[in-house]
Amino acid sequence: MSKHIIPITLFAMAVAGQAYADKDEYRESHGASMPVKNELYQKECGDCHIAYPAELLPARSWEHLMNKLDKHFGENAELSEDNRQALSRYLTENAGDRSRGSPGKLLKSLDRSQTPERITELPYFKKEHREIPARFYEQNPKMKSLSNCEVCHTRAAQGSFAEGEINIPGIGRWED
Ligand code: HEC
Ligand code: HEC
């Protein structure tokens, strides 16, 4: 796989100059590791994309998403009523603003009046990913959007987003 590893030194250097205080705080509060342990969730919500860790959105976002599964980003992701209720409960109870009593770093800069439908819309997410030129994912057929976390975060399916595990196709390993 080494042909994918083409470090772009200038790009990496530009990124290394950024302030990382936020990221360190994030790691402390989350350890960048949020393994999904719910099998029903993996099965029902992990087919079209990874089963996004519940911690990545606030409870109100999960409620909103789970109440309109028939219109899910252009797809029909409807579930039986029993499963829908079970998974709504699981997601809201483990949501980023519920699981540890206080909002995690990821949700901290999110306005309380907002109910994002996407993780990729969160201000913190945008900030963490703003150094990645859009051309690296928009024109990559394997990726298309940043919603496919696992394309770069090689252990995203295990709920892990640690920096040392990032490998961007066409760029290579991510090093500060
Ligand atoms: C039939 C396929 C399908 C199923 C099943 C499905 N999804 Fe999705 N989901 C999508 C598509 C398509 C997108 C948009 C991806 C994109 O924009 O690249 C999406 C996006 C999302 C996003 C936003 C990701 C982002 O951009 O930040 C969340 C959150 C989400 N889904 C949660 C769920 C949950 C919870 C379930 C289970 C109840 C589920 N999905 C089941 C197809 C599906
Ligand atoms: C195009 C590749 C790419 C995709 C796709 C991507 N990321 Fe990232 N992500 C990165 C890079 C690169 C960084 C590191 C930015 C930095 O700090 O220099 C990062 C950082 C992060 C961090 C902070 C990690 C830490 O240790 O501070 C989290 C959390 C994260 N991403 C979650 C996600 C989630 C969730 C998704 C999918 C919804 C996603 N990412 C999609 C490349 C990607």
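Before reading further, recall that the structure is shown in the block above.
Since this is a predicted model, take the numbers as computed values, not measurements. (Residues numbered from 1 in each chain as written. Chains lettered and ligands numbered in written order. Predicted model: local features only at pLDDT ≥ 70, side-chain atom pairs only at ≥ 80, totals over all residues. Heavy atoms only, no water.)

Here we look at helix H5 (residues 81–93)
Note that an α-helix has 3.6 residues per turn; residues three or four places apart therefore point the same way. Applicable threshold: Put simply, DSSP H or I for four residues or longer makes a helix, DSSP E for two residues or longer makes a strand, and each gets a number counted from the N terminus. To estimate the expected span of a helix, count its residues, drop one, and scale the result by 1.5 Å. Throughout this description, buried means an accessible area under 20% of the type-specific maximum (1.4 Å probe, protein chains only), exposed means over 50%, and partly exposed covers the range between. Residues are treated as being in contact if the distance between any of their heavy atoms lies within 4.5 Å.
With 13 residues, H5 should reach 18 Å at 1.5 Å per residue; the first-to-last C-alpha distance of 18 Å fits that figure. Of the residues making up H5, those classed as buried are Arg84, Leu87, Ser88, Tyr90, Leu91 and Thr92. Those residues of H5 hidden inside the fold are in contact with helix H3 (39–45) and helix H4 (59–66).

Here's the deal with the pattern of salt bridges
What counts, and what does not: The salt bridge definition used is simple: a Lys or Arg side-chain nitrogen within 4 Å of an Asp or Glu carboxyl oxygen.
Taken as a whole and judged by the stated rule, the model has six salt bridges. Put simply, Lys43 and Glu44 hold a salt bridge, and the shortest N to O gap is 3.4 Å. In this structure Lys43 comes out as exposed when scored by relative accessible area, which is 57%. For Glu44, a relative accessible area of 28% corresponds to the partly exposed category. Among the ionic pairs, Arg130 bridges to Glu131, the shortest N-O distance being 3.5 Å. You can call Arg130 exposed: its relative accessible area is 51%.

What to know about the site of ligand 1
What counts here: Residues are labelled near a given molecule or strand when at least one of their non-hydrogen atoms is within 4 Å of it. Polar contact criterion, stated in full: a pair of N or O atoms within 3.5 Å, where within protein one must be able to donate a hydrogen and the other to accept it, and residues adjacent in sequence count only if both atoms are side-chain atoms. Here the term charged refers only to Asp, Glu, Lys and Arg, the term nonpolar to Ala, Val, Leu, Ile, Met, Phe, Trp, Tyr, Cys and Pro, and the term polar to all other amino acids, Gly among them.
Taken together, 23 residues lie around ligand 1, and Cys45, Cys48, His49, His72 and Ser147 are the ones closest in. In the model, an oxygen atom of ligand 1 is placed 2.7 Å from a nitrogen or oxygen of the Ser147 side chain. Of all the elements in the fold, those that place two or more residues in the shell around ligand 1 are H3 and H4. Partitioned by chemical class, the residues of the shell around ligand 1 number 14 nonpolar, five polar and four charged.

Let's talk about the side chain of Thr92
Turning to its location among the elements, Thr92 is positioned in helix H5. Looking at Thr92, its side chain comes within polar contact range of the main-chain oxygen of Ser88, at 2.8 Å. A polar side-chain atom of Thr92 sits 3.2 Å from the main-chain carbonyl oxygen of Arg89. Thr92 has contacts with Ala59, Trp62, Glu63 and Arg98, leaving out every residue within four places of it along the chain.

A short note on the packing of H4 against H5
Spelled out, the test is: An axis is simply a line fitted to the C-alpha atoms; with a helix, the fit covers only the stretch in contact. Between two such axes, the angle follows the N-to-C directions and lies from 0 to 180 degrees. Between 65 and 115 degrees an angle is taken as roughly perpendicular, under 35 as roughly parallel, over 145 as roughly antiparallel, and anywhere else as oblique. Left-handed describes a crossing whose near helix is turned anticlockwise from the far helix through less than a right angle; right-handed describes the clockwise counterpart.
Where H4 contacts H5, the axes come no closer than 9 Å and their chain directions differ by 165 degrees. Classified by the interaxial angle, the pair formed by H4 and H5 is roughly antiparallel. The two elements H4 and H5 cross, and the hand of that crossing is right-handed. Between H4 and H5, the contacting residues are Ala59, Trp62, Glu63 and Met66 on the first element and Arg84, Leu87, Ser88, Leu91 and Thr92 on the second. When grouped by side-chain class, the residues that make up the contact of H4 with H5 number five nonpolar, two polar and two charged.

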